[in-house]
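Each chain is listed here by its residues.
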There are 2 protein chains.
Amino acid sequence: MDTLSIQLDKNCSVPMYMQIANSIEKLIDKNELSIGDKLPPIRKLATKLDVNNVTIVNAYKHLEVNDYVTAVKGSGYYIKDKKFKKIVPSDTTKEYFSSIQNDDYDYEYENIKLMTSGQIEISENAINFASATPDPSIFPVDIFKSALNEVLDRDKGFAFGYQESNGYEPLREALSDYLLRSNSIKVPSDFIQIVSGAQQGIDIIGKCLLNPGDYVITENPTYSGAVSVFKSRDAQIVGVPMLQDGIDTDILEENVKKYHPKLVYLMTKFQNPTTISYSEEKLYKILKMADKYNFYIVEDDSLAGLSFSNLSMNTTLKSLDTNDRVIYVKSFSKLLMPGLRIGFVTCPEIIVDKFMMAKHTTDISSSGLIQRALHIYFEKGQWENHLSYMKNIYKSKYDAMVYELNKLEKYGITFFKPQGGLNFWLTLPKELDATKLYLECAKKDVLLVPGKIFYTSKCDNMNKTIRISFAGTNVDEIKAGVAIINDIASKLINKTTKKTYLTPMI
Amino acid sequence: MDTLSIQLDKNCSVPMYMQIANSIEKLIDKNELSIGDKLPPIRKLATKLDVNNVTIVNAYKHLEVNDYVTAVKGSGYYIKDKKFKKIVPSDTTKEYFSSIQNDDYDYEYENIKLMTSGQIEISENAINFASATPDPSIFPVDIFKSALNEVLDRDKGFAFGYQESNGYEPLREALSDYLLRSNSIKVPSDFIQIVSGAQQGIDIIGKCLLNPGDYVITENPTYSGAVSVFKSRDAQIVGVPMLQDGIDTDILEENVKKYHPKLVYLMTKFQNPTTISYSEEKLYKILKMADKYNFYIVEDDSLAGLSFSNLSMNTTLKSLDTNDRVIYVKSFSKLLMPGLRIGFVTCPEIIVDKFMMAKHTTDISSSGLIQRALHIYFEKGQWENHLSYMKNIYKSKYDAMVYELNKLEKYGITFFKPQGGLNFWLTLPKELDATKLYLECAKKDVLLVPGKIFYTSKCDNMNKTIRISFAGTNVDEIKAGVAIINDIASKLINKTTKKTYLTPMI
C-alpha cells in the first residue's frame with residue numbers, strides 16, 4: 001500500500017498529524033485498508049502530502065497507541081486486527097515494557113511486541129504467576145481504615161498539610177525501634193528517610209549519588225526497575241553472576257578494581273529473581289570490600305521477614321555495617337500493601353542531608369496522612385500481627401508450589417528452594433526455550449516471567465530461566481497452573497526430541 | 001585549638017568517626033572547648049590520630065548535624081552555642097536549603113548558614129509570609145474523610161493494590177472533563193498522567209526528556225524547585241527576564257536560537273515569584289516560537305483558578321496549543337490540600353508512553369486510595385464548591401495585603417497587583433537591601449523570602465526583591481506583620497541615610 005487517499009486542510013485547527021491519523025482510521029473502518037497491510041514509508045507519505053516527516057511519525061504513533069497499527073522494527077507499520085483485546089497491563093506487561101526500554105535484545109523485539117501489543121489474548125481469569133503482588137483480599141483494610149479515621153479525627157487539616165521531607169517523626173521513630181527489634185539494625189530516627197516506596201528510594205539514591213558515566217555493579221540477574229533508575233542517570237551497569245550463597249565475590253572484586261563503582265546494588269534475602277539468600281560469611285566479605293575500595297552498598301530488603309524456615313534469617317548487610325557503608329531500602333509493598341506507597345531508606349550520616357534535599361526536589365514529601373496512619377498501625381503492634389498472618393498464608397502456598405514444581409523435574413526443569421519470599425526460579429533443560437514456554441503458557445492463560453528480562457547483559461543461559469511467583473495465586477490455581485506448564489513442557493520436549501531424532505534420518 | 005586529647009580504640013565496634021565525635025562532644029560538655037573555638041584542620045587531626053581524612057570529615061559532619069559545631073566555608077569548623085534552638089524547618093529554611101544547593105552566591109553563604117543553622121531563633125508563632133501553603137484549618141477534611149471511607153467500603157483491598165502507573169482511569173476522565181469545562185483545554189484522558197504533585201511531574205519530565213548538557217530556558221526569577229530538577233539532570237539553565245506581560249520574548253528568541261533548548265519552563269498565571277500573568281498575545285507568540293524552533297514548553301499552572309478579578313483569566317498556553325507542544329502541569333497543593341500529593345500532567349502524544357514508563361521507574365504509581373477519593377470528590381462537584389469558598393477567603397486576605405502594602409510606598413517599596421494567586425512581589429529602593437531586611441524581620445518573627453533565591457543567575461537588582469505570601473496568614477497577622485516590616489524599613493532607611501550623610505564628614 002504505497003498510496004493513500006488523504007485530504008489535508010492546512011487551515012483547519014485540527015493538527016495535521018491528527019488529520020492524517022483520522023483519515024487512515026476511516027480507511028481502516030471502511031476496509032480500504034485491512035489486516036497486515038503496510039502503511040506507506042514515512043518519507044514517501046511526507047513528500048506526497050507536503051508535510052514534515054515528524055508529522056507522519058506522529059500520525060503513525062497515534063495509530064499505534066490506539067491499536068490500529070503495529071510497528072515492526074526495521075520494517076514499518078502494519079494494520080492490526082481490531083478484534084484483539086488490549087492486554088490487561090499485568091506485571092508481565094509492565095516488566096516487559098521496562099525491559100524493552102532497557103535491554104538491547106533486538107532479536108527478541110518481535111516476540112515482545114506480539115505480547116505487549118495485545119496480539120495474544122489474555123483473559124482476566126488467567127493464572128498469574130508473573131505478578132509478585134499479594135492478593136488484595138488478604139490486606140488488613142478494616143484495621144487500616146480505623147487508623148486513617150483516627151488520624152483524621154486527631155490531626156484534622158494537618159493530616160493534609162505538607163509533611164516534612166524526611167518523613168513524619170513518630171513514624172521514623174517507630175521504624176527505628178522496629179529495625180532494632182527485628183533485625184538488630186541500629187539506626188537513629190534522624191537517619192531514616194521516608195519515601196513513596198522502595199522504587200522511589202532507589203530513584204533518589206541515584207539522584208543523590210550518581211553522575212553520568214559512574215559505574216554501578218548489580219547482581220546478574222537483578223530487579224529491572226533498579227537498573228532502569230541507574231540507566232536514567234546515565235550510569236554504566238556491570239552485572240556480576242550469582243552463586244548459591246550470593247553474588248560471586250571473586251568476580252565482584254575483579255570488577256570493583258576495574259570499574260571503581262559508586263554503588264553496588266544487592267538484594268541479600270530471597271534475591272529477585274534468583275530467590276537466593278546470602279551466607280553471613282559473604283555479607284562480611286562484601287562489607288570489607290566496601291571499606292577497602294570505598295563504595296556504598298544499596299541493600300534492597302523487600303522480602304526479608306517472609307521466611308518460612310525455622311532458621312533465623314534476620315542478618316542483613318545493614319545489621320553488620322559498622323562503617324556506615326550500607327544504604328538500606330525497605331518496602332511495605334510485598335509484606336503489607338503495595339498501595340500504601342510508603343517505604344523507607346536508612347542513610348549513611350554523610351549523605352542524610354543531601355538525600356532529604358533530593359527527596360524534596362523529587363516530590364516534596366510522601367503522603368502525611370498515610371504516614372500517620374502507618375504510625376498508629378505500628379504502635380498498636382498490628383504490623384507484627386499481620387506479618388505472622390501473611391506468613392501462614394504464604395507458607396501453605398509455598399509448600400504447594402514445591403510439591404507441584406517437583407513434578408516438572410522429569411523434564412529436567414529444576415529449581416532452588418528458597419525457604420522464603422514469594423518467587424521460584426526455574427532452570428530449564430537444553431531442549432526447552434524460556435520464551436517459547438512463556439508464549440505457549442500465555443496462550444493457555446498461565447502467565448510466567450521469562451528470566452532473561454532480569455539480566456543486565458547477554459548471558460549464555462538466560463533463555464533457560466523462568467521466574468514464577470505465587471503471591472497472587474491460591475492453592476487451586478497453583479495446582480492447575482503447574483499442570484498446564486507440565487503439559488506444555490511435555491509437548492515442547494516431545495517436539496524437540498522428535499526433530500532431533502528425525503534429522504539424521506533425512 | 002590545634003590539639004585535642006582524643007583516645008581511639010581501633011578494636012572497638014563503634015566506628016572511628018563516632019569515637020572522635022563523641023570525644024569532642026565530651027570536651028564541649030566539660031567546657032574544655034567553648035563557643036567560637038575552632039576545631040583542628042582536618043588533615044592535621046587525621047595525621048595526629050593516624051586515620052583517613054574522611055574519618056575526620058565524617059566526625060565533623062556528625063557534630064555539625066547535631067548542632068555542636070558550625071562550618072564556615074573556606075575557614076573551618078567552630079563550636080556553637082548549644083543554647084540556640086534548632087530552627088523549625090519552615091518553607092523559608094527549605095527554600096534556602098534548595099537555594100544553597102543550587103546557587104553559587106558564595107558571598108551570601110554566611111547569612112544563610114546563620115539562618116539555617118538556627119542561630120536566629122524563630123518562634124512557632126512567627127508571622128509566616130514566607131510560606132505559600134494554605135492554612136490547614138480551611139481544608140475540606142470532613143468531606144474528604146467521607147470520600148476516603150466511601151472508597152474503602154466500595155473497593156476494599158483494591159484501594160491498596162498497585163494503581164496503574166498512569167493513574168486511576170475514572171479520575172483521569174474527571175480531570176479531562178474539568179480541563180475542558182474550566183480552561184477549554186481538550187485533552188483525552190489517555191494523555192493525562194497522574195503524578196504525586198507538580199514537583200514530581202517536573203521531575204519526571206526531566207527524566208523523560210533531558211540528557212546531560214541539554215539546555216532549559218526558564219523565566220528569571222523562577223521556582224527554584226524546578227531549577228533543582230533540571231540541574232539534577234545536568235541540564236544547563238538559561239534565565240530570561242520578565243516583563244509586565246510575561247517573559248521577554250525578544251530575549252527568549254535570541255536564547256532559543258543560541259542554545260536550542262529542549263524545554264522552556266513557564267508559569268503563565270501569577271508567576272512564582274513575580275506574580276505576573278501573561279498576555280494572550282504573548283502566549284500566541286511563544287507557541288509560534290515552539291513550532292518554529294522545535295522545543296517543548298512546560299506550563300506549570302499551580303495557581304490558575306485563583307483569580308480575584310472579574311476578567312476571565314482562563315487562557316493558558318495549553319488551551320491555545322494546537323500542535324501538541326505544551327506539557328501542562330497542575331498541582332492541587334495550593335487550591336485544595338498539599339498533603340494529597342496528587343497532581344497531573346498532560347503529555348504530548350508522542351511522549352505519553354515514555355512518560356508512563358518514567359513514572360513507573362520513579363515510584364511505580366501514586367496512591368490509588370487518594371486518587372479514588374479525589375475522583376469521588378470531583379464527581380460530586382465538591383472541587384468547584386471548595387474553589388469558590390477558597391477564593392472568598394483569599395480575596396479578603398488579598399485586599400488586606402494591598403491595603404497594608406500601600407503603606408510601604410513612602411519608602412519607595414513598590415509592588416505589582418497580580419489580581420490573583422497567593423503572593424506579592426516587592427521591589428525595594430536603592431537604600432534597602434533585601435537580605436538585610438529579611439534578617440531583621442526574621443529577628444522580629446516575621447518571615448519573608450528574599451527574592452534572590454529565585455534567580456537562575458546573578459542579576460543586578462536581585463537583592464532589591466522580596467516575595468511575600470499571604471496563604472498561611474490571617475487578616476490580623478497581615479496587619480501586624482506589615483506594620484513590623486514598616487517599622488524595620490523605616491529604621492534601615494534612616495540608618496542608611498545617616499551613614500550616607502556622615503561619610504563625607506570624616
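This text gives an overview of the structure that appears in the document. (Residues numbered from 1 in each chain as written. Chains lettered and ligands numbered in written order. Predicted model: local features only at pLDDT ≥ 70, side-chain atom pairs only at ≥ 80, totals over all residues. Heavy atoms only, no water.)

## Structural notes on the interface of chain B and chain A
What counts, and what does not: The contact criterion used is simple: two residues touch if any of their non-hydrogen atoms lie within 4.5 Å. Throughout this description, the term salt bridge denotes a Lys or Arg side-chain nitrogen within 4 Å of a carboxyl oxygen of Asp or Glu. Polar contacts here mean pairs of N or O atoms no more than 3.5 Å apart (in protein, one a potential hydrogen donor and the other a potential acceptor; neighbouring residues in sequence count only if both atoms are side-chain atoms). Strands are runs of DSSP state E lasting at least two residues, helices are runs of H or I lasting at least four, and both sets are numbered from the N terminus onward. Gly counts as polar in this scheme, as do all residues outside two lists: the nonpolar Ala, Val, Leu, Ile, Met, Phe, Trp, Tyr, Cys and Pro, and the charged Asp, Glu, Lys and Arg.
Across the boundary between the two partners, chain B contributes 66 residues, which contact 66 residues of chain A. Here chain B and chain A share four salt bridges between them. The shortest N-O distance in the salt bridge between Lys207 of chain B and Asp203 of chain A comes to 2.7 Å. Applying the counting rule to chain B against chain A returns 21 residue pairs in polar contact (both at pLDDT 80 or more). Listed by contribution, the elements that provide at least two residues to the side of chain B that touches chain A are helix 1 (16-29), helix 3 (53-65), helix 4 (91-102), helix 6 (141-155), helix 8 (198-209), helix 9 (224-232), helix 13 (352-363) and helix 14 (368-379) of chain B. If one sorts the elements of the side of chain B that touches chain A by residue count, helix 6 of chain B sits on top with seven residues. For the side of chain B that touches chain A, the class distribution of residues is 26 nonpolar, 25 polar and 15 charged.

## Some details on the sheet that holds strand 8 (residues 263-266) of chain A
Residue and element names in this part refer to chain A. The criterion, for reference: A pair of strands counts as paired when DSSP detects no fewer than two bridges linking them.
Pairing in this open sheet of eight strands is mixed, and the strands run 4-11-10-9-8-5-6-7 from one edge to the other. Two strands lie at the open edges of the sheet, namely strand 4 (192-195) and strand 7 (246-247), each paired on one side alone. Of the pairings in the sheet, the one linking strand 6 (residues 236-243) to strand 7 comprises two bridges and is antiparallel in character. By the bridge assignment for strand 7, Met242 is matched with Ile247.

## Some words on the sheet that holds strand 8 (residues 263-266) of chain B
Residue and element names in this part refer to chain B. Across the sheet, which stays open at both edges, the eight strands sit in the order 4-11-10-9-8-5-6-7 with mixed pairing between neighbours. Only two strands of the sheet have a single partner each, and these edge strands are strand 4 (192-195) and strand 7 (246-247). Taken together, the three bridges between strand 5 (residues 215-220) and strand 8 define a ladder with parallel strand orientation. Across the sheet, residue Thr218 finds its bridge partner in strand 8, namely Tyr265.

## Quick look at helix 6 of chain B
The line we're drawing: The length a helix should cover is 1.5 Å for every residue beyond the first. Classification of residues uses two cut-offs on accessible area relative to the type maximum, computed with a 1.4 Å probe and protein chains only: under 20% is buried, over 50% is exposed, and between them is partly exposed.
Between the first and last C-alpha of helix 6 of chain B there are 21 Å, a value that for 15 residues agrees with the 21 Å anticipated at 1.5 Å per step. Turning to helix 6 of chain B, its buried residues are Val141, Phe144, Lys145, Ala147, Leu148, Asn149, Val151, Leu152 and Asp155 of chain B. In the core, the buried residues of helix 6 of chain B are packed alongside helix 6 (141-155) and helix 14 (368-379) of chain A together with helix 14 of chain B. Remark: Lys156 of chain B follows helix 6 of chain B within two positions and exhibits a positive phi of approximately 45 degrees.

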